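One-letter residues, chain by chain:
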Amino acid sequence: MQSNPLRIGTRGSALALAQAHETRDRLMAAHGLAEDAFEIVVIKTSGDKIQDRPLSEVGGKGLFTKEIEEALLDGRIDLAVHSSKDMPTVLPDGLALTAFLPREDVRDAFLSPKAKTLTDLPQGAVVGSSSLRRQAMIKRLRPDIDVVMYRGNLQTRLRKLAEGAVDATLLAAAGLRRLGLENEITSLLSEDEFLPAVGQGAICIESREGDQDTLNKLAAIHDQETQTRLDAERAFLAVLDGSCRTPIGGLATLDGETLHFRGIVLKPDGSETHQEEVSGPASDAVTIGKTVGENLKTRMGPGFLADH
């Protein structure tokens, strides 16, 4: 290994490592570098250690990033690779999201040995999901279904499904594809009826502001379309103070220079839903995201988010 490799921080799950390797491989190709010009540094996060409780009870999204961001700030790593949907809307001082890779499929995948689709599941079926958004959307479509908490990495969830712990589960299609597990997908949920999580399917890279050498390297693999879409989605989430305690979905799409954004907020039991759509110039992505968030806040009233 060369004396000063570029150190890439990541969680240790198979999916996180696949995303870190994709980032490394893109950097290798873009700059004509050998593999030994990089070091993958695995960092165990609080979110990885806590498997017996919903994240909403122990601190939310930041549990998957805190220790990695500390390593960035301490200079132990040069950049961090994350799933965008795991990222809090407020980052520590001195850090920024400085690159996005081209976005994968944003949809949720339905996995079940017992039914082809969510609507085909038998009455009273048990579906495992640790996502409040997915739980609320399942209950909105099928109030009869019993949704249970379902933590663990992707392989653990697939094993639990195969063992019959639940009748079905929902996972991000992008994660399954990145691990070559698309054959596990029973069907895909349309974005129209099942709006994805903010940032779903997008890999983001976090680094230190002012670290020009790293920023120059990342510029070669940055996908501007993904950033534009994520700028709108994260601005929307920030207005609603979105966290793991609130069922929120949002998706921005681009049609030429026009950005279309749709956001949704639900009560955890799926009994009440508010949606909003706004389109405008892609250059106004942040403003569009904020507008949808503010409009939903007004429509919901002050007690909606506080109720849970």
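Look above for the structure.
In this text the structure is predicted, and so the values were computed from the model without any measurement.

Could you give me a rundown of the pattern of salt bridges, with the residues and numbers involved?
This model, assessed by the stated rule, comprises 22 salt bridges. With a shortest N-O distance of 3.1 Å, R177 and D105 are connected by a salt bridge. Here R177, found in helix 6 (residues 173-178), pairs with D105, found in the loop between strand 4 (95-100) and strand 5 (108-111); they are 72 residues apart in sequence, far enough to count as distant. Take D105: its relative accessible area is 14%, and that puts it in the buried class. Of the charged contacts in the structure, one is a salt bridge between E163 and R159, with a shortest N-O distance of 3.4 Å.

An account of the packing of aromatic side chains is requested, with residue identities and associated values reported.
If you walk through the whole model with that rule in mind, you get one aromatic pair. Sitting over the face of the ring of Y150, K160 holds its NZ or CZ atom 5.3 Å from the ring centroid.

Tell me what's going on with the nonpolar core, and back it up with residues and numbers.
The biggest cluster of nonpolar side chains holds 20 residues, and the ones touching the most others in it are F110, L118, L121, I138, I145 and F194. Mapped by element, the contributors of at least two residues to this core are helix 4 (132-141), strand 8 (168-172) and strand 12 (258-266). Take this core: its biggest share by element is three residues, from helix 4. Every residue in contact with F194, bar those within four places of it in the chain, is listed here: D108, L118, R133, R134, M137, I138, L141, L170 and L189. Among the nonpolar cores identified, the runner-up in size contains 17 residues, and A232, L240, L259 and A282 belong to it.

Go over the sheet that holds strand 4, please, and point to the residues and values.
Reading across from one edge, 2-1-3-10-4 is the order of the five strands in this open sheet, with mixed pairing throughout. The sheet terminates laterally at strand 2 (38-42) and strand 4, the two strands that pair on one side only. Each strand axis lies, on average, 30° off the axis of its neighbour in the sheet, ignoring direction. With respect to the sheet, helix 1 (residues 14-31) is in contact with strand 1 (6-10), strand 2, strand 3 (79-83) and strand 10 (203-208), its orientation differing from that of strand 2 by roughly 165°.

Cut-offs used in this document
- Residues numbered from 1 in each chain as written.
- Predicted model: local features only at pLDDT ≥ 70, side-chain atom pairs only at ≥ 80, totals over all residues.
- Heavy atoms only, no water.
- Salt bridge = Lys/Arg side-chain N within 4 Å of Asp/Glu carboxyl O.
- Helix = DSSP H or I, 4+ residues; strand = E, 2+ residues; numbered from the N terminus.
- Buried < 20%, exposed > 50% of the residue type's maximum accessible area, 1.4 Å probe, protein only.
- Phe/Tyr/Trp six-rings, centres within 6.5 Å; stacked < 30°, edge-to-face > 60°.
- Lys NZ or Arg CZ within 6 Å of the ring centre and 35° of its normal.
- Core = buried A, V, L, I, M, F, W, Y, C linked by side-chain atoms within 4.5 Å.
- Contact = heavy atoms within 4.5 Å.
- Pairing = 2+ DSSP bridges.
- Axes fitted to C-alpha atoms, helices over the stretch in contact; angles between N-to-C directions.

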